[in-house]
Amino acid sequence: MRNDLSFLTEQPSEFLSKIAILREEKDELIELEAYYAVEAYDRFLFDACDIDFPPKLTNAVPKRQSEFLAGRILARAALERLHRAYVPIAIGEWGYPVWPRGISGSISHSHGKCACLVVADEAKLVGIDIEKVSTGASLEAILQEALNLEERQRVFEQTAFDAAVLATLIFSAKETVYKTLYPLVRTFFGFEAAVFNGIRGNNIASLSIAHSLHDAVPHGKEISIQFEIDGEFVKTWSILERDMQGSLSARPPAG
Ligand SMILES: CC(C)(COP(=O)(O)OP(=O)(O)OC[C@H]1O[C@@H](n2cnc3c(N)ncnc32)[C@H](O)[C@@H]1OP(=O)(O)O)[C@@H](O)C(=O)NCCC(=O)NCCS
């Protein structure tokens, strides 16, 4: 089966559909999105799409195998669109996707929706996260595990957003912080490592680092995370760059 972007968009499969380029800077950056159907997943699709099946996923449930496959198909299509040779993207330490030389990127999947943000610059740090707006027990879990007391109070005291949307947004922003900074920090850090300061403008969530994670990510460092609320999904992302001193600054939004 062909797996380049033009084929995938023109001939959506039962497994992967509605493939869209959400953002593109020719040969520099691409963001792709698609929907995957767990019920249409079959293990043979890995071979058909020429994606290595990771031994780690042998005993994983179909949902996990299918989201992994959807993410890798998008990653592969993104590399092709950036005119980069495809190299299998292995699962690295702590689950980090190991991108080919010269490339930084990030993958996210949630409830049948998948996104991939890739830049042709390995000096950049990239993170993306999508979440379905949480309700019920999963909202309760986010509130208790990902937000601190002050953040929970803010969620319920403010009126600009539905409380569930803002709680999901803060959770997603923290996951994006983790994915973005992981290649620098190189170890796990939990939700207490960043605190939510507030929303700036229309689409920036401001967070501050609560304890030093790296020389370039000291206590108090502000990290700006971009976000978009699209129906029942929240998406957050960031692209950070290192300057000569090794400090980080947020890349301005494209367009
Ligand atoms: C790793 C984690 C962020 C993934 O988020 P998620 O909402 O569960 O799942 P998503 O679908 O959005 O993302 C999964 C993808 O993230 C990527 N990922 C996993 N570990 C990663 C890491 N250490 N660094 C960067 N990316 C990572 C992978 O591409 C993975 O998909 P794949 O295994 O199919 O390739 C989350 O499971 C986690 O462990 N969170 C706790 C750490 C945290 O968020 N700390 C907050 C710091 S302020």
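For every chain, the first residue of the written sequence is number 1, and numbering continues from 1 along that sequence. Residues qualify for local features only when their pLDDT is at least 70, as the model is predicted, and side-chain atom pairs are given and counted only at 80 or more; totals for whole chains, interfaces and linings, by contrast, use all residues. Just so you know, side-chain values use all the structure's heavy atoms and leave hydrogens and water out.

Trainee: Go over the site of the ligand with me, naming the residues and quoting the values.
Mentor: Distances are taken per atom, and a residue is near a molecule or strand as soon as one of its heavy atoms is within 4 Å of it. The ligand sits among 22 residues. The nearest are Arg64, Arg72, Ser108, His109 and Glu175. We define a polar contact as two N or O atoms separated by no more than 3.5 Å, with the added condition that, inside protein, one atom must be a possible hydrogen donor and the other a possible acceptor, whereas residues neighbouring each other in sequence contribute only through side-chain atom pairs. Here a nitrogen atom of the ligand and a backbone polar atom of Trp94 are 3.0 Å apart. Between an oxygen atom of the ligand and a side-chain N or O atom of Ser108, the distance comes to 2.7 Å. Per-residue and other accessible areas follow the Shrake-Rupley method at a 1.4 Å probe size, with only the shown protein chains counted as cover for residues. In the complex, 85% of the free accessible area of the ligand, which totals 920 Å², lies under the protein chains. Comment: elements are numbered from the N terminus, with helices defined as DSSP H or I runs of at least four residues and strands as E runs of at least two. Residue assignment for the shell around the ligand shows that the elements contributing at least two residues are helix H3 (62–81), strand E5 (104–110), strand E7 (124–132) and helix H6 (163–185). Split by residue class, the shell around the ligand holds eleven nonpolar, four polar and seven charged. Polar here means any residue outside two lists: the nonpolar Ala, Val, Leu, Ile, Met, Phe, Trp, Tyr, Cys and Pro, and the charged Asp, Glu, Lys and Arg; Gly therefore counts as polar.

Trainee: Hey, could you go over the state of the cysteines for me, with residue numbers and the actual values?
Mentor: Cysteine sulfur atoms that come within 2.5 Å of each other are treated as a disulfide pair. Enumeration according to the criterion identifies zero disulfides in this entry. Take Cys116: it sits in no disulfide, and the sulfur closest to it among the cysteines is that of Cys114, at 7.1 Å.

Trainee: Hey, could you go over the nonpolar core for me, with residue numbers and the actual values?
Mentor: Each nonpolar core is a collection of buried residues, namely Ala, Val, Leu, Ile, Met, Phe, Trp, Tyr and Cys, held together in the definition by side-chain atoms within 4.5 Å. For every residue, the accessible area (1.4 Å probe, protein chains only) is compared with the maximum for its type, and the residue is labelled buried under 20%, exposed over 50%, or partly exposed between those bounds. Grouped together as the largest cluster of nonpolar side chains are 71 residues, with contacts concentrated most on Phe15, Leu16, Trp99, Val118 and Leu181. Ranked by residue count, the leading element in this core is H6, at 14 residues. Domain delimitation follows an automatic or database domain assignment. In this structure, this core is formed jointly by two domains, domain 1 (6–122) and domain 2 (129–246), each of which donates at least three residues. Contacts were defined at the residue level, with two residues in contact if any of their heavy atoms lie within 4.5 Å. Among residues more than four places away in sequence, those in contact with Val118 are Glu28, Leu29, Ile30, Ala78, Leu79, Leu82, Trp99, Ile103, Ser104 and Gly105.

Trainee: I'd like a rundown of the pattern of salt bridges, residues and numbers included.
Mentor: The salt bridge criterion pairs a side-chain nitrogen of Lys or Arg with a carboxyl oxygen of Asp or Glu, the two atoms within 4 Å. This structure, assessed with the given rule, holds 17 salt bridges. The residue Glu31 makes a salt bridge to Lys235 at a minimum N-O spacing of 2.5 Å. Placement of the pair is Glu31 in strand E2 (residues 29–36) and Lys235 in strand E11 (residues 233–242), with a sequence separation of 204 residues. As far as burial versus exposure is concerned, Glu31 and Lys235 are alike and both buried. What you see here is one network of salt bridges that share partners, running through Arg23, Glu31, Glu228 and Lys235.

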